[in-house]
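Structure at a glance
What follows is the residue order along each chain.
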Amino acid sequence: MTGSLLFQSLVLGILLGGLYALLAAGLTLYFGVMRVVMIAHAAFLVLAAYLAWDVHDRFGIDPLLSLVVTVPLFFLAGVGFQRLLIARLRPATVTMMSVLLTFAVALLIEGMLGFVYSGTQRRVQLSYSAASIEVFGAQVAVVKLIAFGLAALSLLALYLLLTRSRFGQALRATIQHPQAARLIGIDTDKVAGYGFGLGLATAAVGGAALSLDSTIYPSLHWHWIGPLMAIIVVGGLGSIPGAAIAAMVLGIGQSLLQLPLGTTWAQTVFYLALFATLLVRPQGFFGGRLAQRF
Amino acid sequence: MPPLPARGLDRTLRKRLRKALTPVACVSPRRGGDPPDDARTALRLGCLAGVSALVLTACSGGAAGGGDPSEPITIGISLPLTGDFSEPGKGVQRGYEAWAAAVNSSGGLLGRQVELRILDDQSNADRVVADYESLIAQDQVDLVFGPFSTRLVVPSARVASEYGMLFVEPAGAAAEVFEQGFDNLFYAAPAIANDHYDHLAEAIIAMPEGQRPTTAAYAAMDDPFAQGTAYGLKEKLEAAGIRTVVDEVYPPNTTDFSSIAAQIADSRADIIVGGTQYQDAVNLIVALQQLAYQPKLAAFSTAPTNPEFSAAIGSRTDGIVSPTGYTPERPTRPTSSSCSATPPTTAPRPPRTRRTPTPRARSSRPPCRPSGVPSRVSASSG
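The structure contained in this document is the topic of the report that follows. Because the structure is a prediction, the values reported are computed rather than measured. (Residues numbered from 1 in each chain as written. Chains lettered and ligands numbered in written order. Predicted model: local features only at pLDDT ≥ 70, side-chain atom pairs only at ≥ 80, totals over all residues.)

1. Some words on the interface of chain B and chain A
To be explicit about the condition: What counts as a contact here is a pair of residues whose C-beta atoms, placed from the backbone, lie within 7 Å. Only runs of H or I of at least four residues qualify as helices and only runs of E of at least two qualify as strands under DSSP, and these elements are numbered from the N terminus.
The interface of chain B with chain A comprises 27 residues on the first partner and 27 residues on the second. Listing elements by their share of the side of chain B that touches chain A, those giving two or more residues are β7 (243–250), α8 (258–267) and α9 (279–290) of chain B.

As structure tokens, then:
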């Protein structure tokens, strides 16, 4: 194993970690705001990827342009999903029942994708699919770089929104203590709905990024939801910075472990990290006040 | 040979069938006039299906039967029309349909029209079992033909064997298909997976010392056929002293090939061998291109034989080799004088801009082999 291979794998790990970070941020947001375990997050991700592929396939438009439509659409769908379905679950059992509910939604989306687009694997074919630029001896694929940039920008936007805006303050207050937030006059129901919409919007961005450089098929979301769930537990449920850091660490870990272990076994890094976290620090390694409530 | 009931066919009919089937012409898709892709694949697979039928007639010995000559012979087939194997699966479907059309236009089998009943098993081994059970038990088809690829052939052959049906399959090439003890299974292509690259191995080994590649990288899907092709070649090349520098296996649904590609690129292997089906080959090739890795030769199983391949890879299919086959009875090979002195795979060729799927048409040309010697490579097997 050479140094350049290590460096190349590190670069690939960082690029992969960026996408994980964006998606895990959305997933942890649902949990933070609503204590909802959103199994369907990755299904929405794949749905967005399919829409991006479809737009490209049908009209020859760059898949990234699909974001103009999918991001607002997913945001609205998220608000509607929360207000119409999640809000109707009994607060005492919302975490458990949300698993069932969102599992059903995931199956519904998967089945619908299979019905409309068939189970055939799809891949967006772009003129710059194979292009790459050299950075300190490592080859960085342009599509991966775009996906990473998109993820980083969205994360930054999410971060600024949460820390700098009044809505962000209200959202964070809702995450920290819903009752107290209501006492000071925050409409937590509305905020929770918007929070859910934001989470789904990250799936829309992630989907477009995914479609640039990955094969998609209807059941692909099962390959994503496991690692993403592990990431948000390791990072501390409800903590967006925690999710981002854990995503980066585990993404790089997976990429580097593929060298000695191979593709099949490197996937286990997420679950080993999950077991270790639950044994050593069940509330997660970063942030994670919330996990203690279980 | 134990008697195998081919429902609906009695003995005399079967004799006539044997005669009737001989004219199914098998034309090599690789020569003369370059028919369009679809037609080419259809022809090639049609040949396979034709061969299947030949084997079938040769083997169905006297058993009880019957059948109304005015009714069509229904043939039940389950194919992976969606899912992992959808591209090669659709190719086999075109082949079966081409065969049925050819047979029906020349009077049918035993004077009866052939009717195909094709189900989609979604590349799923559970589904394929259910499909063949319903074809045999509910639809009462007269014959069953096989699906695509070992992973689906083994479970479906078991169903056919349980029902005592003859099972002719065009594309289950891994050695394990033949190690299950099936006495009803007939493989309609010329070689098992491990022998698919025999001619390529011979060609590489026959190269002069200075030109011969010294290192090779292997990446194979965790799939009996895909691994069979890659490891068959690996064994031969290793025995000839060509060093293995990367040997990776990945799960069937892998979508991210960047890490495997990084290892291959870093090894600077002279040649890359992919034990692939379809999408995995496309993904691996794109990932290798992203790393600006240029091997002297790239050999991938199955994927390059699909018409979709060149659209997915773009114009860069040159130098990609894939094993394909043809019927030995047909003198499709040029005589030895027209073989190139140096196999086409020795040196990297300058990139060309043609967008046609050249790989199997040109690069897979086995080097100098006397005409008339049966090829041990086979088409689109799995």
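2. Considerations on the nonpolar core
Selection rule: Here, a nonpolar core means buried Ala, Val, Leu, Ile, Met, Phe, Trp, Tyr and Cys residues linked by C-beta atoms lying within 7 Å of one another. Counting other C-beta atoms within 10 Å of its own, a residue is labelled buried from 20 upward, exposed at 12 or fewer, and partly exposed in the gap between, with every C-beta atom placed from the backbone.
In terms of nonpolar packing, the biggest core is built from 193 residues, with Ala 21, Ala 24, Ala 48 and Ile 231 of chain A together with Val 144 of chain B touching the most fellow members. Among the elements that line this core, the one with the most residues is helix α1 (residues 3–34) of chain A, at 17 residues. When neighbours within four sequence positions are excluded, Ile 231 of chain A is seen to be in contact with Tyr 20, Ala 24, Ala 243, Ala 246, Ala 247 and Leu 250 of chain A.

3. Side note on helix α5 (residues 142–164) of chain A
Where we set the bar: Under the convention used throughout, the expected extent of a helix is 1.5 Å for every residue step, that is, one less than its residue count.
Taking 1.5 Å as the rise per residue, α5 of chain A with 23 residues should run 33 Å; its terminal C-alpha atoms sit 32 Å apart, in good agreement. Here α5 of chain A has its buried residues at Val 143, Lys 144, Ala 147, Phe 148, Leu 150, Ala 151, Ser 154, Leu 155 and Leu 158 of chain A.

4. Quick look at the pairing of strand β6 (residues 215–221) of chain B
All names here are of chain B. Counted only if it meets this: Two strands pair under a simple rule: DSSP has to find at least two bridges between them. The handedness of a crossover follows from its direction of travel: if, with the strands pointing away from the viewer, the path from the first strand over the helix to the second runs clockwise, the crossover is right-handed.
Counting buried residues along β6, 6 of its 7 residues qualify, which places the element largely inside the surrounding structure. Relative to β7, β6 runs parallel, the two sharing 7 bridges. Residue pairing in the sheet places Ala 216 in a bridge with Thr 244 of β7. Taken together, β6, helix α7 (residues 224–239) and β7 constitute a β-α-β crossover, and its handedness is right-handed. Inspection of the sheet shows β6 paired to strand β8 (residues 271–275) by 5 bridges, in the parallel sense. Directly across from Tyr 218, in β8, lies its bridge partner Val 273.

5. Here we look at the pairing of β8 of chain B
Residue and element names in this part refer to chain B. With respect to burial, β8 is a largely interior element, 5 of its 5 residues being buried. Both faces of β8 are covered, namely the face carrying Ile 271, Val 273 and Gly 275 and the face carrying Ile 272 and Gly 274. Considered for its hand, the β-α-β crossover made up of β8, α9 and strand β9 (residues 297–300) is right-handed.

6. Points about the sheet that holds strand β4 (residues 167–169) of chain B
All names here are of chain B. To be explicit about the condition: Lines fitted to the C-alpha atoms define the axes, with helices restricted to the stretch that makes contact. Angles between their N-to-C directions range from 0 to 180 degrees.
Reading across the sheet, the 5 strands line up as β2-β1-β3-β4-β5 and stay open at both edges, with parallel pairing between neighbours. Two strands lie at the open edges of the sheet, namely β2 (114–120) and β5 (185–187), each paired on one side alone. Shown here is a sheet whose adjacent strand axes are inclined to one another by a mean of 25°, direction ignored. Examined bridge by bridge, β4 and β5 share 3 bridges and lie parallel to one another. Residue pairing in the sheet places Phe 167 in a bridge with Leu 185 of β5. Contacting β1 (73–79), β2 and β3 (143–145), helix α4 (residues 125–138) crosses the sheet at an angle of about 170° to β1.

7. Examining the packing of helix α2 (residues 41–59) of chain A against helix α9 (residues 221–235) of chain A
All names here are of chain A. What counts is decided by this rule: Relative orientations are named as follows: roughly parallel for angles under 35 degrees, roughly antiparallel for angles over 145 degrees, roughly perpendicular for angles from 65 to 115 degrees, and oblique for any other angle. Throughout, a crossing is termed right-handed when the near helix is turned clockwise from the far one, and left-handed when it is turned anticlockwise from it by less than a right angle. In this classification, the charged set is Asp, Glu, Lys and Arg, the nonpolar set is Ala, Val, Leu, Ile, Met, Phe, Trp, Tyr, Cys and Pro, and all remaining amino acids, among them Gly, are polar.
At a minimum axis distance of 8 Å, the contact between α2 and α9 shows a crossing angle of 135°. Between α2 and α9, the angle is such that the two are oblique. For the crossing formed where α2 meets α9, the hand is right-handed. Residues His 41, Ala 42, Ala 43, Leu 45 and Val 46 of α2 pack against His 221, Trp 224, Ile 225 and Leu 228 of α9. Taken together, the residues of the contact of α2 with α9 sort by class into 7 nonpolar, 2 polar and no charged.

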